[in-house]
Amino acid sequence: MTFPYQTQTDTLDLHGLAVNITHITNGDELLDALIKKGEDHEDYLDQRIPYWADLWHSAIALGKYLVRENIISPGLCVTEIGCGLGLPGIVAGMLGAKVTLTDYLPEPLDFLKKNWSQNLQVPLQTLTMDWRKPAEHLQTELLLASDVAYEQRFFADLEHAFNKMMEPGGRIILTEPSREMAKGFIEKLSNHTNYKLQLTKEDILWDDVTRSVNILDILVLI
């Protein structure tokens, strides 16, 4: 499988689970291609910046958390939103979950096939979906989201996605890189009557940079 990108494959050791992840090393060219489409293009207007092409600290933190905390049981229904390269969903699949990976852009879902196939033999299940407008039929037992709300305006949409996609008794695990703007949203979730939130932090070293990542483990009570 070939792509019009420069790529690099790394093997991550997530508490003893070896995961092969191919990521894109010329992300600036993808951004330049978006800008060249012009300010009137729908991709530009919707700010479809190719964040999906990078491997983010928050994704690594979420993958490690799934392994360390024994979150996944065989056959568990798991959905990852804004999956990008798909690391957390791939980890869930390797641990035995039934996984659906979603993104609202076609490029990451196409690229994801490589990352899935170099770690798993079971068929890949994807869905083109903007989590700001979640599919009516899609509900899940465990929802994964790593660094999906990178602007404050997305938090209301994220809470709406939680409400639409989660079954009572379900679980949400959200990671984000300790952004100042997220503090209010985290406080709101901690005070939500329908949620029980456990917040932890983990320092993640990736690409010679260490970031402190918030891990929000949320139980849906009703």
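Residues numbered from 1 in each chain as written. Predicted model: local features only at pLDDT ≥ 70, side-chain atom pairs only at ≥ 80, totals over all residues. Heavy atoms only, no water.

Asks: What is the right way to look at the overall build of the protein chain in this model?
Replies: A tally of regular secondary structure across the protein chain gives 7 helices and 9 strands. The burial tally for the protein chain puts 49% of its 222 residues in the buried class. Contacts spanning at least 24 positions in sequence make up 65% of the contacts within the protein chain whose residues lie at least 6 apart. With the model as given, the accessible surface of the protein chain reaches about 11,100 Å², and the carbon-plus-sulfur share is 48%. (Helix = DSSP H or I, 4+ residues; strand = E, 2+ residues; numbered from the N terminus. Buried < 20%, exposed > 50% of the residue type's maximum accessible area, 1.4 Å probe, protein only. Contact = heavy atoms within 4.5 Å. Areas by Shrake-Rupley, 256 points an atom, 1.4 Å probe, with all protein chains shown as cover.)

Asks: Looking at this structure, how should I read the layout of surface pockets?
Replies: Any space left empty among the atoms is revealed by the rolling of a water-sized probe across them. In this structure, the second largest pocket encloses a volume near 320 Å³. Along the walls of the second largest pocket sit 15 residues, with D54, L55, W56, H57 and W206 positioned nearest its centre. Those elements that place two or more of their residues in the lining of the second largest pocket are β2 (17-24), α3 (57-68) and β9 (209-220). (1 Å grid on protein atoms, 1.4 Å probe; cavity = no way out; pocket = protein on both sides within 12 Å on 5 of 7 lines; lining within 4 Å. Points joined across faces, edges and corners; volume = space filled by probe spheres on them.)

Asks: Where do I start with the pairing of β2 in this structure?
Replies: Consecutive side chains of a regular strand alternate in pointing toward one face of the sheet and then the other. Counting buried positions along β2 yields 6 of 8 residues, so the element is predominantly enclosed. Taken together, strand β1 (residues 7-14) and the strand that follows it, β2, pair antiparallel across an intervening segment of 2 residues, in which H15 is found at a positive phi of about 50°. (Pairing = 2+ DSSP bridges.)

Asks: When you look at the nonpolar core in this model, what are you seeing that I'm missing?
Replies: Soluble globular proteins tend to pack their nonpolar side chains together in the buried interior. By size, the foremost hydrophobic cluster in this structure holds 43 residues, and its most contacted members are L55, L66, I72, V78, L87, L142 and I173. Tallying contributions element by element places α3 first for this core, with 7 residues. When sequence neighbours within four positions are dropped, the list of residues in contact with L142 reads L66, I71, I72, L76, C77, V78, T79, R171, I172 and I173. M165, I186, L216 and V220 belong to the second largest nonpolar core, which has 26 residues in total. (Core = buried A, V, L, I, M, F, W, Y, C linked by side-chain atoms within 4.5 Å.)

Asks: For this particular structure, what's the right way to read the packing of helix α4 (residues 87-94) against helix α5 (residues 106-117)?
Replies: For any two helices packed against each other, the geometry comes down to the angle between their axes and how far apart the axes lie. One way to put it is that α4 packs onto α5 with a least axis distance of 10 Å and a crossing angle of 35°. Between α4 and α5 lies a crossing whose hand is right-handed. Residues G89, I90 and G93 of α4 lie in contact with α5, whose contacting residues are L112, N115 and W116. Among the residues making up the contact of α4 with α5, the classes are represented as 3 nonpolar, 3 polar and no charged. (Axes fitted to C-alpha atoms, helices over the stretch in contact; angles between N-to-C directions. Left-handed = near helix turned anticlockwise from the far one by under 90°. Nonpolar A, V, L, I, M, F, W, Y, C, P; charged D, E, K, R; others polar.)

Asks: What is the right way to look at empty space enclosed by the protein in this model?
Replies: All told, the structure shown has 1 cavity of 30 Å³ or more when counted by the stated rule. A volume near 70 Å³ is recorded for the largest cavity. For the largest cavity, the lining is made up of 13 residues, of which A149, F155, L174, E176 and A182 are closest to its centre. Counting residues per element, the ones that place at least two in the lining of the largest cavity are α6 (155-165), β7 (166-176) and α7 (183-190). Residue composition of the lining of the largest cavity, grouped by class: 10 nonpolar, no polar and 3 charged.

Asks: What am I meant to see in α7 here?
Replies: An α-helical turn contains 3.6 residues, so any two residues separated by three or four positions project in the same direction. Those residues of α7 that fall on the buried side of the exposure criterion are F185, I186 and L189. The arc that holds every buried residue of α7, seen down its axis, measures 100°, which confines them to one face. Looking at α7, the residues exposed on the side facing more than 90 degrees away from the buried face are K183 and E187. (Arc of directions from axis to C-beta.)

Asks: Before we go on, may I ask you to explain α5 in this structure?
Replies: Helix length check: α5, at 12 residues, gives a terminal C-alpha distance of 18 Å against a target of 16 Å (1.5 Å per residue), a fit within 8%. Among the residues making up α5, those that are buried are P108, L109, F111, L112, N115 and W116. Buried residues along α5 cover an arc of 165° about the axis, so they all sit on one side. Next to the buried residues of α5 lie β1, β2, α4, β4 (98-103) and β5 (126-128). (Expected span 1.5 Å × (residues − 1).)

Asks: Honestly, the packing of aromatic side chains in this entry has me stumped. Any pointers?
Replies: To describe a pair of aromatic rings, you give the distance between the ring centres and the angle between the ring planes. Counting across every chain of the model gives 4 aromatic pairs. Between W131 and F154, the aromatic rings sit 6.1 Å apart at their centres with planes inclined by 75°, giving edge-to-face as the arrangement. Taken together, the residues W131 in the loop between β5 and β6 (140-146) and F154 in the loop between β6 and α6 connect sequence positions 23 residues apart. The burial state of W131 is the same as that of F154; both residues are buried. (Phe/Tyr/Trp six-rings, centres within 6.5 Å; stacked < 30°, edge-to-face > 60°.)

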